[in-house]
Structure formats: C-alpha cells, structure tokens
Amino acid sequence: MSAFAIAVGAGIVLMLMGTIAKAFALPIASSLLRAWVWLVTLGLPAEVKNARRTEIAGDLYEHQQDARAAGYAPDAIGIHILLRFLISIPGDVTWRLGQLGIGYVLLPAAAVLIAGGLVVTYNAGLVHAVRVLLGVAVLALLITVVGLRRLLLGVPRGAVWLRGHASPDYILIWATAALLVVGLLTVYSASFAVAKLEYGDTNYFIARQAAFALVGLVLLCLFMRLDYHLLQPLSIGMMAIALVGLLAVLLPGVGIERDGASRWLALGPLPPIQPSEFAKLAIIVYISAWLASRSHGDGIKHFWAGFLPFVLMVGLVASLVIVEPDMGTTIIIVLTTCTLFFVAGAAYRHLFALILGGELISWAIIFLAHYRLERIFSFLEPGQDPQGSGFQVLQLLRVLGSGGGTGLGWQAGRDYVAVPGAHTAGVFAVIGQQLGFVGVALVIALFALFVYRGVRTAFNAPDRFGVYLAVGIVGWIAYQTLINIGGVTRSIPLTGVPLPFISYGGSSLMATLAGVGVLLSISRRASVAIRRPSVSRAVS
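Here the structure is a predicted model, which is why all the values come from computation and not from measurement.

## Brief notes about the overall build of the protein chain
Inference 1: When helices and strands are counted, the protein chain shows 19 helices and five strands.
Inference 2: In the protein chain, buried positions account for 48% of the 540 residues.
Inference 3: A separation threshold of at least 6 residues defines the contact pool for the protein chain, and within that pool the share at least 24 residues apart is 77%.
Inference 4: By element, 71% of the accessible surface of the protein chain is carried by carbon and sulfur atoms, the whole surface being about 24800 Å².

Next up, the structure:
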C-alpha cells in the first residue's frame, strides 16, 4: 500500500513539474541560454563576449520567429528553443576550445589522461587503460564533428571566401613524420622474425615498407604543391578510375586472391596494389566536390536532389568493396562519407534513415558470411575457441597487456611469429608490449595532434570544397585509427584494417600520405571569409 501511495505521489509531482515546465518553457529556455553564454565566454575579452552575446540574441529571435511562423504555441516555442540550445552545445564547446587554444586546453588534458592512464594500467591493466583513452577520443571526435556542422552552417548565404597563400602546416608535417618513423621502427621490430622464417631475409618487410614510404612521401610533396582546387574538376575522372580498379580486382586472372579475398591488382614486377585504399581518397574528393556544388547545404536536404544521389554513389563503391570482401574498408568509406553528408547540413531524417539502413544491411552481410559471424563470436567470447576463431584476438590482447606502464623495451626478445598480423593490423599491440602505456599514449597523442591540426585546416579552408575535403581526409584517418585500435583492444570486433602510417602495407601507406598531401595543400591557402563573428573567431 505504501509503495502504491509513493508511486501515485511521485506521478502527481512529475505532472506538476511538467505543467510548470510547460507553462514557463520560454523563460526557462531564455535563462538557460543567457547562463550558457555567460559560461562559455567566461574570461574572454569584452569584445568577444559582446559579439557572442549579440549572436545568441539574434539566434534566439530567429528561432522564436521561425516557431511562431510554424504555428507553435508559446510553450512549444520554448521547448523548440530549448532543443536547439541543447543541439548547439557541442558547437559552442568547439568554439571555446578554438578561443583558448591547444596550449591551454589540450596539453593539460593530455597530462591528466596520461597520469590517470598509468593509474588504471597498474590497477586494471594496459588494455583497460587504452580502452579509456579510446572512449575519450571517440567523445572528442563526436563533439568536433557536431561543432563542424554548426560552424559551417553558420556561414551566411553568399559569404565571400577570399584566397590567400601561406606556408603548409608544419606541425601537421611533423606529426605525420613522427608517426611514420614510429611505424617503420615497429614494422621492423614486429616482422624480422616472420621475414626470416618465410623469406630468409630479416629485412624483407622493412625494406618494402621503406620503399612504400618513399613513394608516399613523393605523392605527399606533389599533392602539397598542387593547388587542391584542381582536384574539383578531376573528381569525376578520379572516381571513374577508382571504380575501374575496384571492378578489376574481381575479374579472374586480373585480381590477386589471398586468404579468400580478391583485393589486389598485379603490376608486373612491381608489388601489387590494393585499389580500395586509393578509392577512399577518390570518393572523398568526389563527394566533397558534389557537396560543394550544393548551395549552403540546401540542395542536399531534399530527397531526390540530395539523399538519393548520395546513397547511390556511396552504395556503389561500398558494394564493390564488400564483394572483395573487405568489410573494414567498407565501414571506413561509409563512416567518412556520412560524416561529410552530416557536416554539410543533411536533414536529420535522412541521417536517421542512413543509420537504420546501414545497421540492417550490416547485419544481413554478417549473417550471410560464416567467417564474419565467427568474428562476432570471437569478439564476444574469444575463450570459447582459443585455438580457432579466438586465437588472433587472444594473442593480441596477451601481447598488448604484457607491456604494463613502461613496456619491455624495443626489440625486447619477443618472437611475434605466433601472433597473427603482428606487423599489419596488430601492430598497435606490439607498440604496447615494447613501449607500455607511455608509448601507446604518445602514439595516440600524435594521432590526436594530427586530427586537431587537420580540423584546424578545415576551419581555415578558403572555400566549401576545401572544408569538405579536409573533413573527409581527417575523418578517414581518424575512423581508421579508432577501428584498428578498437579491434586490437577488443572494444569492437577485429576487422583487419591497418593502423594509418604505422602498419605494414604499401597501398594503405601511399594512399594515406597522398591524402596528407592534399590536406597540406589546403593548409597552404589562408582563409579570409566574411562570416558571423563566432565562426570567424573560431577558425582564427
């Protein structure tokens, strides 16, 4: 009886609170907005505060007018504004981080994360510590993507974009170089025993990786010197070549089959290439050019002019890649292009349809292939088949977890012959064993620095094509990094995608460095655009 009375009383209280909230929704929303503006501008110069407050007041007035024009009641107007306010929070956070700068926010945060990670490592193990870092990285990336959409949509229709010339982003160059050096050292450490056993030459893999890196650096320099605007008219040709390559690997006698997958093309005496790696860059250029041709995102909000063409274009490429089969690359392509679609201002109903449709198709593909189901089972319960489907997962976890806080030392006498993919998809586990949490934290910090400078390049891009291109390249590398590390730590199912810049693999390394070259080309063109105050300051 008493429980029933408590339930009834709680229901009455909730109803009263709901009635009060409904009656005063508009004042509550306005007060919350003012409080948020005060908080987000705390400690900033007076002119910055006034500009931000003026912008918020203008947004508030516009939302009220839009809601009234739509026939909303006063309480519904308040709820509408409150929801818009909640959606705008990630953009405001991104804007404030841009005001404070990397030295005041990211470096102290990195120090706290490393200190906390060491505590977690010595109490719960290295694998758990890396999972925490991975969760923080995913949250930061989500906030950044939402902030990018809001800031980009803040550019008024008809804004004037002025081009300039500047030096390339040297911090981005140094971050790339550091990751490349870490990759070469780790590939040699993880592969010399396998190379000796299989090819009789301890330098087999490192020599090829160094050659791939050299070609990739040439591509990086070429694309960096090239004006990225030239890629816009070439986007259709690049996409056509990528489609031809994806079709060619499926033809008997043309494509090379390895371990049941046809992903490579023979080039005579040269090492085979993997067209799907270069297709990532091609589709980013193509989708960026297509989105840039839409005026301020309005064109893509419509089903026939926006959603359907996007689904057909991405679906064609994803279908060819999944047939190889290569689900990991398919996921990266879909995630990257959908991020571009979201940032460009796609309708939320279309994004929801993409998410729902993608989930259904993914599960259908998984159930149609027995080995994909095994990967799901090995992710959930690897110990049930330790010598079969769960062997790779367990070996990678064992290697990673043995590193502790400071690792066993580089080339500490460990034999990685029994670890599948130690120099390819599982290279992060080798870094963890040899360098410990300190090493993996520094590697993740280098990737975070790369993403930060890439996002900054997107903010400073002199036109929408540059913005989309930068977001696509940064998203590609960020998603691939998260998927690789997530698979090694058993945070998500293992997909076998390489860790950018670090894993052994010529096509992946060359394509990634070419993408960095395009990013550096964008960074060489300074942006001076007529925009709203918050956007102009956020990109400065």
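Picking up after the structure, the text goes on.
## Notes on the nonpolar core
Inference 1: Core analysis: the largest hydrophobic core is formed by 111 residues, its most contacted members being Leu291, Phe341, Phe428, Leu469, Ile473, Phe501 and Ile502.
Inference 2: Leaving out residues up to four positions away in the same chain, Phe428 has contacts with Val130, Leu400, Val440, Ile444, Asn484, Ile485, Val488 and Leu499.
Inference 3: With five residues, the next largest nonpolar core counts Met327, Ile366, Leu373 and Ile376 among its residues.

## Side note on the pattern of salt bridges
Inference 1: This model, assessed by the stated rule, comprises three salt bridges.
Inference 2: The salt bridge involving Asp169 is made with Arg453; its shortest N-O contact spans 3.0 Å. One end of the pair, Asp169, is in the loop between strand S1 (161–163) and helix H7 (170–199); the other, Arg453, is in helix H16 (residues 427–460), and 284 residues separate them in sequence. Both residues of the pair, Asp169 and Arg453, count as buried.
Inference 3: The partner of Glu277 in a salt bridge is Lys280, with the nearest N and O atoms 2.9 Å apart. Linking Glu277 with Lys280, this pair stays in helix H10 (residues 275–292), spanning three residues, or about one helical turn. Lys280 carries the same exposure label as Glu277, and that label is buried.

## A closer look at the packing of aromatic side chains
Inference 1: Tallied over the full model, the rule gives twelve aromatic pairs.
Inference 2: Consider the rings of Phe212 and Tyr504, whose centres lie 6.4 Å apart with planes at 55 degrees: the pair is tilted. Taken as a pair, Phe212 in helix H8 (residues 204–225) and Tyr504 in the loop between helix H17 (464–488) and helix H18 (506–523) lie far apart in primary sequence, 292 residues in all.
Inference 3: A network of ring pairs unites the aromatic residues Tyr199, Tyr204, Phe205, Phe212 and Tyr504 as a single cluster.

## Description of the packing of H16 against H18
Inference 1: Between H16 and H18, whose axes approach to 9 Å, the crossing angle comes to 45 degrees. With respect to H18, the axis of H16 lies oblique. Crossing geometry of H16 relative to H18 is assigned as left-handed. Touching Phe450, Gly454 and Thr457 of H16 are Val516, Leu519, Ile522 and Ser523, all from H18.
Inference 2: In terms of residue class, the contact of H16 with H18 is made up of four nonpolar, three polar and no charged.

## Some thoughts on the sheet that holds strand S2 (residues 255–258)
Across a sheet, strands are paired by hydrogen bonds formed along the backbone, either parallel or antiparallel in direction.
Inference 1: Spatial ordering of the open sheet is given by S2-S3-S4, a layout of three strands whose pairing is antiparallel. The open sheet terminates on both sides in strands that have one partner only, identified here as S2 and strand S4 (270–273). When the angles between neighbouring strand axes are averaged without regard to direction, this sheet yields 40 degrees.
Inference 2: With four bridges connecting them, S2 and strand S3 (residues 261–267) associate as antiparallel partners. From the neighbouring strand, Glu257 faces S3, where its bridge partner is Ser262.

## Examining the side chain of Thr186
Inference 1: Note that Thr186 resides in helix H7.
Inference 2: For Thr186, a relative accessible area of 7% gives the class buried.
Inference 3: Engagement of the side chain of Thr186 in a polar contact is seen with the backbone oxygen of Val182, the distance being 2.7 Å.

How each quantity is defined
Residues numbered from 1 in each chain as written. Predicted model: local features only at pLDDT ≥ 70, side-chain atom pairs only at ≥ 80, totals over all residues. Heavy atoms only, no water. Helix = DSSP H or I, 4+ residues; strand = E, 2+ residues; numbered from the N terminus. Buried < 20%, exposed > 50% of the residue type's maximum accessible area, 1.4 Å probe, protein only. Contact = heavy atoms within 4.5 Å. Areas by Shrake-Rupley, 256 points an atom, 1.4 Å probe, with all protein chains shown as cover. Core = buried A, V, L, I, M, F, W, Y, C linked by side-chain atoms within 4.5 Å. Salt bridge = Lys/Arg side-chain N within 4 Å of Asp/Glu carboxyl O. Phe/Tyr/Trp six-rings, centres within 6.5 Å; stacked < 30°, edge-to-face > 60°. Axes fitted to C-alpha atoms, helices over the stretch in contact; angles between N-to-C directions. Parallel < 35°, antiparallel > 145°, perpendicular 65-115°, else oblique. Left-handed = near helix turned anticlockwise from the far one by under 90°. Nonpolar A, V, L, I, M, F, W, Y, C, P; charged D, E, K, R; others polar. Pairing = 2+ DSSP bridges. Polar contact = N/O pair within 3.5 Å; in protein donor to acceptor, adjacent residues only side chain to side chain.

The values reported here are purely geometric and, on their own, carry no functional implication.
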